[in-house]
Amino acid sequence: MTIALWCVLAAALLPYLGTVTAKAGGRMPNAANRGPREWLEQLEGWPKRAHWYQQNSFEAFPPFAAAVIVAQLLHAPQARADLLALAFIGFRLLHFAFYLGDLAPLRSLVWFGGMICTVWLFVLGA
């Protein structure tokens, strides 16, 4: 399996980094497990931002996964596809850190970097 495809798995797991962080920071009581989405919306501060990261990661995943698959199907240069996929994961990890740190301008910048990687992966096979 290629590095780019392994990055699809990593990207699929990244939302749960936000989930675990939000729940740990908010000290989720057992009773809240009956309505975790309701409970998560009531969080404040960095636990709420971790939850927002989780939601954003679920949104960013499908286009990235599709882009990697398209690049693989179109036999794009593998080294470049791998590099772009790794860069996407790096941008998403920075996005998490900047979300937690409430650094909105930097968060937006690295979000844009991840989107550039996604679009570039689509174009790479052309």
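Just above sits the structure.
Predicted, not measured: the structure shown is a model, and the values here were computed from it.

Moving on: the overall build of the protein chain. A count of helical and extended segments in the protein chain gives five helices and zero strands. Projected onto its principal axes, the C-alpha coordinates of the protein chain cover approximately 50 × 30 × 15 Å. Looking at the protein chain as a whole, 40% of its 126 residues are labelled buried. Sequence-distant contacts in the protein chain: of pairs separated by 6 or more residues, those separated by 24 or more amount to 72%. Carbon together with sulfur atoms contributes 68% to the accessible area of the protein chain, which is approximately 7200 Å² in total. The centroid of the 9 positive side-chain charges in the protein chain is displaced by 4 Å from the centroid of its 6 negative side-chain charges.

This part is about the packing of helix α1 (residues 3-26) against helix α3 (residues 45-73). At a minimum axis distance of 8 Å, the contact between α1 and α3 shows a crossing angle of 170°. Viewed along their axes, α1 and α3 adopt a mutual orientation that is roughly antiparallel. Looking at the contact of α1 with α3 residue by residue, the class counts come to 19 nonpolar, nine polar and no charged.

Here α1 contains 24 residues, and its C-alpha end-to-end distance of 35 Å stays within 8% of the 34 Å for a straight helix at 1.5 Å per residue. Taking the largest bend as the criterion, α1 deviates by roughly 25°, centred on Ala12, and proline Pro15 comes between one and four positions later. Within α1 the residues assigned to the buried category are Ala4, Cys7, Val8, Ala11, Leu14, Pro15, Gly18, Thr19, Thr21, Ala22 and Gly25. Buried residues in α1 make contact with α2 (36-41), α3 and α4 (78-100). Once α1 finishes, Arg27 follows within two positions and takes phi at roughly 50°, a positive value.

Calculation rules
- Residues numbered from 1 in each chain as written.
- Predicted model: local features only at pLDDT ≥ 70, side-chain atom pairs only at ≥ 80, totals over all residues.
- Heavy atoms only, no water.
- Helix = DSSP H or I, 4+ residues; strand = E, 2+ residues; numbered from the N terminus.
- Buried < 20%, exposed > 50% of the residue type's maximum accessible area, 1.4 Å probe, protein only.
- Contact = heavy atoms within 4.5 Å.
- Areas by Shrake-Rupley, 256 points an atom, 1.4 Å probe, with all protein chains shown as cover.
- Lys, Arg positive; Asp, Glu negative; His and termini not counted.
- Charge placed at Lys NZ, Arg CZ, Asp CG, Glu CD.
- Axes fitted to C-alpha atoms, helices over the stretch in contact; angles between N-to-C directions.
- Parallel < 35°, antiparallel > 145°, perpendicular 65-115°, else oblique.
- Nonpolar A, V, L, I, M, F, W, Y, C, P; charged D, E, K, R; others polar.
- Expected span 1.5 Å × (residues − 1).
- Bend = angle between axes of the 7 residues up to and from the residue.

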